[in-house]
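# Survey of secondary and tertiary structure
Each chain is listed here by its residues.
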Amino acid sequence: MTVAVVGAGLAGLSAAWELIQAGAEVVVLDAGRQPGGMIVTERRDGFIVEGGPDGFLAAEPDIQELARALGIGGRLVDQVARGSTLWPGEGRPLEPLAEGKAAELLGIQANLNVGAQHAAPLQSAFRSFAAGMADIVDALVACLSSPPRLRTTQGITAVAPAPRGWRLSFNGSSSLDAEAVILAVPAWVAARLLAGLGVPAARSLDTVIYAPSVTVSLAYRADQVPGTLEGAGFVVASDSGAAVRACTYAWRKYPMRAPEGYALLRAFVGAVDGDPAAIAHAELAAILGINGAPLWSRAFHWPRGLPRYRHGHADRVAALRERLDGLAPLAMAGAGFDGAGVSACVKSGREAGRTILARLGRG
Ligand SMILES: Cc1cc2nc3c(=O)[nH]c(=O)nc-3n(C[C@H](O)[C@H](O)[C@H](O)COP(=O)(O)OP(=O)(O)OC[C@H]3O[C@@H](n4cnc5c(N)ncnc54)[C@H](O)[C@@H]3O)c2cc1C
């Protein structure tokens with residue numbers, strides 16, 4: 001019998017890896033076309049473009065331990081440019097920002113462990129991977145290739161008890177039986193699947209709100225961008241009226257993000273009417289003094305991006321897990337439950353894998 005992991009984001013892939021290490025039979029199912037979930041790295045003309053996360057705090061061990069276990073520890077890269085500035089508003093120059101202030105300005109919850117990547121405080125160095133965050137996704141997916149254990153475009157619509165474990169229903173009319181299930185999906189998806197299975201307490205997961213956002217990457221020739229930029233990026237004061245909320249100097253922050261002689265910026269844009277890439281370029285050109293149009297731009301839309309937890313979230317998740325203990329083996333993992341940072345997602349996924357192994361008597 002099989003353990004079904006629903007969701008091939010970093011949490012689901014980490015859970016699958018943990019199970020495979022213990023010799024369990026695993027199948028990973030994802031609704032999307034590509035594995036990785038919010039990790040989306042595009043490699044284009046020698047640029048490395050991150051649509052979602054671009055790194056993690058160097059002090060966070062879980063993702064780095066997994067990278068080493070996967071044999072890609074040598075691909076970990078350190079942040080190069082450090083520190084961030086504040087853009088106070090029109091007509092005013094960028095000014096230095098105290099450590100920790102950037103995350104506060106962006107309203108990033110400390111318990112998310114996300115770290116305001118574009119707002120790296122001086123003492124909090126970040127790390128990433130040589131060819132972008134997809135390095136770790138690629139390494140995890142490689143472990144699922146022989147025999148093939150990853151199935152994309154397989155959205156799960158229901159989970160129901162079966163004689164030996166669970167029956168998962170798909171978009172179409174097909175189904176799959178599994179001895180154990182790990183739900184490594186966003187909280188709102190888990191809430192729906194668990195409520196449908198007769199766990200009404202799971203509706204409490206609907207208190208996790210996923211904030212919409214857009215990231216826009218813009219490529220320039222290096223001579224279009226002033227050479228005097230300081231730090232790894234800037235945060236925009238919330239009363240400035242700008243659509244751009246923050247900007248990372250991606251080609252200065254990590255090595256090899258742009259070919260020699262080129263620059264790569266990444267803007268975080270709030271809700272806008274119109275083309276976010278055009279708006280981001282216009283605002284960045286005014287703030288930074290960029291000359292001319294970008295060589296190209298790429299926008300990534302996250303209608304449900306980073307999760308935000310309400311007060312009491314950890315207690316609600318703990319109560320729900322206790323309720324799940326009374327059922328056939330079923331665990332939850334990922335950003336909707338245990339912290340939104342990528343390292344927290346690795347930890348959460350591996351813990352879910354261990355929970356299931358223990359429930360199956362293989363721990
Ligand atoms: C713009 C942005 C920037 C970020 N920056 C950082 C950063 O710099 N550092 C950091 O640490 N974190 C960052 N984060 C957060 C981090 O990327 C995420 O929290 C983390 O990657 C989530 O991983 P996950 O596996 O829990 O969920 P996801 O990556 O959301 O994966 C869930 C998977 O479940 C699948 N799924 C959903 N419903 C179903 C279904 N019914 N059936 C089957 N599959 C389903 C989805 O297709 C998806 O692949 C950022 C996030 C965003 C959006």
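Along every chain, residues carry numbers that run from 1 in the direction the sequence is written. The model is predicted, so local features are restricted to residues of pLDDT at least 70 and side-chain atom pairs to those at 80 or more, both for listing and for counting; the totals for chains, interfaces and linings are taken over all residues. Remark: hydrogens and water are excluded; side-chain values derive from all non-hydrogen atoms of the structure.

## Topic: the overall build of the protein chain
Under the scheme used here, helices are H or I runs from DSSP no shorter than 4 residues and strands are E runs no shorter than 2 residues, and both carry numbers assigned from the N terminus. Along the backbone of the protein chain there are 10 helices and 22 strands. Atoms counted for the radius of gyration: C-alpha only. Globule rule: 2.2 Å times the number of residues to the power 0.38. Its C-alpha atoms give the protein chain a radius of gyration of 21 Å, near enough to 21 Å, the size a compact globule of 363 residues would have. Projected onto its principal axes, the C-alpha coordinates of the protein chain cover approximately 65 × 40 × 40 Å. Evaluated residue by residue, the protein chain yields a buried proportion of 54% over its 363 residues. Exposure classes here rest on a 1.4 Å probe applied to the protein chains alone. A residue is buried below 20% of its type maximum, exposed above 50%, and partly exposed in between.

## Topic: the domain arrangement of the protein chain
Residue ranges for the domains originate in an automatic or database domain assignment. One can read the domain layout of the protein chain as domain 1 (3-37 + 136-208 + 309-359) and domain 2 (43-60 + 77-131 + 212-302). If you average the C-alpha positions of domain 1 and of domain 2, the two centres end up 32 Å apart.

## A look at helix H10 (residues 342-359)
Spanning 18 residues, H10 covers 26 Å between terminal C-alpha atoms, matching the ideal 26 Å at 1.5 Å per step. For H10, the full list of buried residues reads Val-342, Ser-343, Ala-344, Cys-345, Val-346, Ser-348, Gly-349, Arg-350, Ala-352, Gly-353, Ile-356 and Leu-357. Of the residues one or two after H10, Gly-361 is the one with positive phi, at around 75°. Expected helix span is taken as 1.5 Å per residue step, with the number of steps being one fewer than the number of residues.

## Remarks on the sheet that holds strand S11 (residues 156-162)
Here 3 strands make up an open sheet; going across it, the order is S11-S12-S13 and the pairing antiparallel. At either margin of the open sheet sits one strand with a lone partner, and together these are S11 and strand S13 (175-178). The mean inter-strand angle of the sheet, taken between neighbouring strand axes irrespective of direction, is 20°. The pairing of S11 with strand S12 (residues 165-170) spans 6 bridges and is antiparallel. For Pro-161, the partnering residue across the bridge sits in S12 and is Trp-166. Strand pairing requires that DSSP identify at least two bridges connecting the strands. Here, axes are lines fitted to C-alpha atoms. For helices the fit covers the stretch in contact, and angles between N-to-C directions go from 0 to 180 degrees.

## Description of the nonpolar core
Core analysis: the biggest nonpolar cluster contains 75 residues, and Ile-136 and Leu-194 have the highest contact counts within it. It is helix H1 (residues 10-21) that provides the largest number of residues to this core, a total of 8 residues. The criterion used for residue contact is that any of the two residues' heavy atoms lie within 4.5 Å. Setting aside anything within four residues of it in sequence, one finds Leu-194 in contact with Leu-183, Val-199, Ala-202, Leu-320, Leu-324, Leu-330 and Met-332. Among the nonpolar cores identified, the runner-up in size contains 25 residues, and Ala-263, Ala-267, Leu-288 and Ile-290 belong to it. Take the buried residues of types Ala, Val, Leu, Ile, Met, Phe, Trp, Tyr and Cys, join any two whose side-chain atoms come within 4.5 Å, and each joined set is a nonpolar core.

## Observations regarding the packing of aromatic side chains
For this analysis, a ring pair means two rings from Phe, Tyr or Trp (six-membered ring only for Trp) whose centres lie within 6.5 Å, classed as stacked if their planes differ by under 30 degrees, edge-to-face if by over 60, and tilted for the remaining angles. With the rule as written, the count across this model stands at 5 aromatic pairs. Taking 6.3 Å as the distance between ring centres and 50° as the angle between the ring planes, the aromatic pair formed by Phe-234 and Tyr-249 counts as tilted. Here Tyr-249 lies in the loop between strand S18 (244-248) and helix H6 (250-253) and Phe-234 lies in strand S17 (residues 233-236), a separation of 15 residues in the sequence. With respect to class, Phe-234 is no different from Tyr-249; both count as buried. Joined through ring pairs, the aromatic side chains of Phe-47, Tyr-262 and Trp-296 make up one cluster. The rule is short: NZ of Lys or CZ of Arg within 6 Å of the ring centre and within 35 degrees of the ring normal puts a charge over the ring. Directly above the ring of Trp-296 sits Arg-44, whose terminal nitrogen or CZ lies 4.1 Å from the centroid. The side chain of Lys-253 reaches across the aromatic face of Phe-126, ending 5.2 Å from its centre.

## Here we look at the packing of H1 against helix H4 (residues 134-142)
It is the contact of H1 with H4, at a shortest axis distance of 10 Å, that shows an interaxial angle of 40°. In this structure, the crossing between H1 and H4 has a hand that is left-handed. Contacts between H1 and H4 involve Leu-10, Leu-13, Ser-14 and Trp-17 from the first element and Ile-136, Val-137, Leu-140 and Val-141 from the second. Under this grouping Gly is polar, as are all residues other than the nonpolar Ala, Val, Leu, Ile, Met, Phe, Trp, Tyr, Cys and Pro and the charged Asp, Glu, Lys and Arg. In the contact of H1 with H4, the residues fall into 7 nonpolar, 1 polar and no charged. Each crossing gets its hand from how the near helix is turned against the far one by less than a right angle, where anticlockwise is left-handed and clockwise is right-handed.

## Topic: the side chain of Gln-224
Within the secondary structure, Gln-224 sits in the loop between strand S16 (213-221) and S17. Distance and chemistry together define a polar contact, namely a pair of N or O atoms within 3.5 Å, with one atom able to donate a hydrogen and the other to accept it when in protein, and with adjacent residues in sequence counting only for side-chain atoms on both sides. In terms of polar contacts, Gln-224 uses its side chain to reach the backbone amide nitrogen of Arg-221, at 2.8 Å. The residues touching Gln-224, leaving out its near neighbours within four places in the chain, are Gly-289, Ile-290, Asn-291, Gly-292, Ala-293 and Leu-295.

## Structural notes on the environment of Ala-328
Tracing the backbone shows Ala-328 in the loop between helix H8 (313-324) and strand S22 (330-332). The class of Ala-328 is partly exposed, set by a relative accessible area of 26%. Sequence spacing of Ala-328 and Pro-161 is 167 residues, and the spatial spacing of their C-alpha atoms is 7.9 Å. Other than its neighbours up to four places away in sequence, Ala-328 contacts Gly-165, Trp-166 and Arg-359.

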